Amino acid sequence: MRQIDRYPFVIAIILFLLAWMLGLPVRAQSAPLNDIHCTLIQDAGSGATLYQDGVCDQRASPASTFKVPLALIGYDSGILSDQHTPSWDYKPEFKAVKRDRKTVDPTIWERDSIVWYSREITRRLGADKFAGYISKFGYGNMDVSGTPGKNDGLTNAWLDTSLQISPVEQTAFLRRLLAGKMPASAKAHEMTQAILPSFKAGDWMVQGKTGSTALDKNKRSLGWFVGWGEKDGRRVVFARLVVDGQRGDTPKGLATRAAFLKDLPGLVK
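Residues numbered from 1 in each chain as written. Predicted model: local features only at pLDDT ≥ 70, side-chain atom pairs only at ≥ 80, totals over all residues. Heavy atoms only, no water.

Caption draft 1: Quick look at the confidence of the model for the protein. The predicted model of the protein has a mean per-residue pLDDT of 90, with 88% of residues at 70 or higher. Per-residue pLDDT stays below 50 along residues 1–13; that stretch engages in one contact with residues further than four places along the chain or on separate chains. Residue range residues 15–30 is modelled with pLDDT below 50. Its contacts to residues more than four positions away, or to other chains, number nine contacts. (pLDDT = per-residue confidence, 0-100. Contact = heavy atoms within 4.5 Å.)

Shown next, in the form of C-alpha cells:
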C-alpha cells in the first residue's frame, strides 16, 4: 500500500477512537439495499423448506409486517385487550393520510395497516419496554434506534430505518408464533393470530400481513407479504419480499400479496 493510500484509513480510525472516547454514538451506516425477489415457503411444524426462489437471507425494513410482532407485544403488555379493544379515535396531531383519519381498533389496524395506531402502542410501551420485547423476541437485527441522530426509534424503527429482518427470519418468527413458543402469554399468541387478515388462494386459507415502503427517494420500493396458509390439515408459513424499481398503481405490498395468492396453489401441491 502506498503511503498516501493509508491517510483516509488512518483518519477514519482516529475519528472512530475519538467518538468512542467522548462517548458519542457510533453506528455503522447500512449499504444500499440490493434488489430482492424472494419467495420462501416452509412447513410450519418441521421448518422444512417446501419452496424457495431468490435470495432470502438479505435483511430489509419490515415496514407494516412489523404489525404482527407488535400485536403480540400489545396483547402481552395489556395495551390491547381483544379483537376490538381498545378503539382509539383519530387525533389531528397524528398527521395521518386522509384514509387513516378514523376510529381504529386492533382488527381495523391490521386490516387497513394504520401507522398512527402502531405508534400509539409503542408510545404507551415506552422505549425501554419496546427495546426489551424486540430483544427477547430476537426479531431481525433487533435495532430499534431509528434514524441516526433523530431519536425516533420508538415511532419509526420499523419504517425503513434501523430495524431490519430477512425472509428467513420472518418465517422463523411465524413458526414460533404459531407454535405458541414466543416469550409472551397464550392470550397474546391467540389474539395476534385472530386479528390477522384472511384471504383465499385456491383451496388454501391464508392469513398474512403486507408491508410497503419507498426507497432511494422514491426511485425504488419494497413490498412484503408474510403469514401462513392452511389446506387439508396442512399448514405452511411464507414470506415474499420484492425490492426493485418497478412502479405500479397500487402499493408494493398489496401487489406482492396479490401475486403470492395467485401463485401459492401452484407452488405447494
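Caption draft 2: Representation of unusual backbone geometry within the structure. In this chain, T85 is followed by P86 through a cis amide linkage whose omega measures 5 degrees. On the secondary structure map, P86 appears in the loop between α2 (67–77) and α3 (106–112). For D216, which is not a glycine, the phi torsion comes out positive at approximately 50 degrees. Tracing the chain through its elements places D216 in the loop between β4 (204–215) and β5 (220–231). The phi dihedral of N218 falls on the positive side, at around 70 degrees, and the residue is not glycine. Within the element layout of this structure, N218 appears in the loop between β4 and β5. (Helix = DSSP H or I, 4+ residues; strand = E, 2+ residues; numbered from the N terminus.)

Caption draft 3: Seen up close, the pattern of salt bridges. For the coordinates displayed, the defined rule picks out 11 salt bridges. In this structure, R240 engages D263 in a salt bridge whose closest nitrogen and oxygen atoms are separated by 3.0 Å. Pair noted here: R240 is in strand β6 (residues 234–244) and D263 is in helix α9 (residues 252–267), with a separation of 23 residues, a long-range link. Here D263 falls in the partly exposed class, since its relative accessible area comes to 30%. One continuous salt-bridge network, built from bridges that share partners, spans D35, D216 and R220. (Salt bridge = Lys/Arg side-chain N within 4 Å of Asp/Glu carboxyl O. Buried < 20%, exposed > 50% of the residue type's maximum accessible area, 1.4 Å probe, protein only.)

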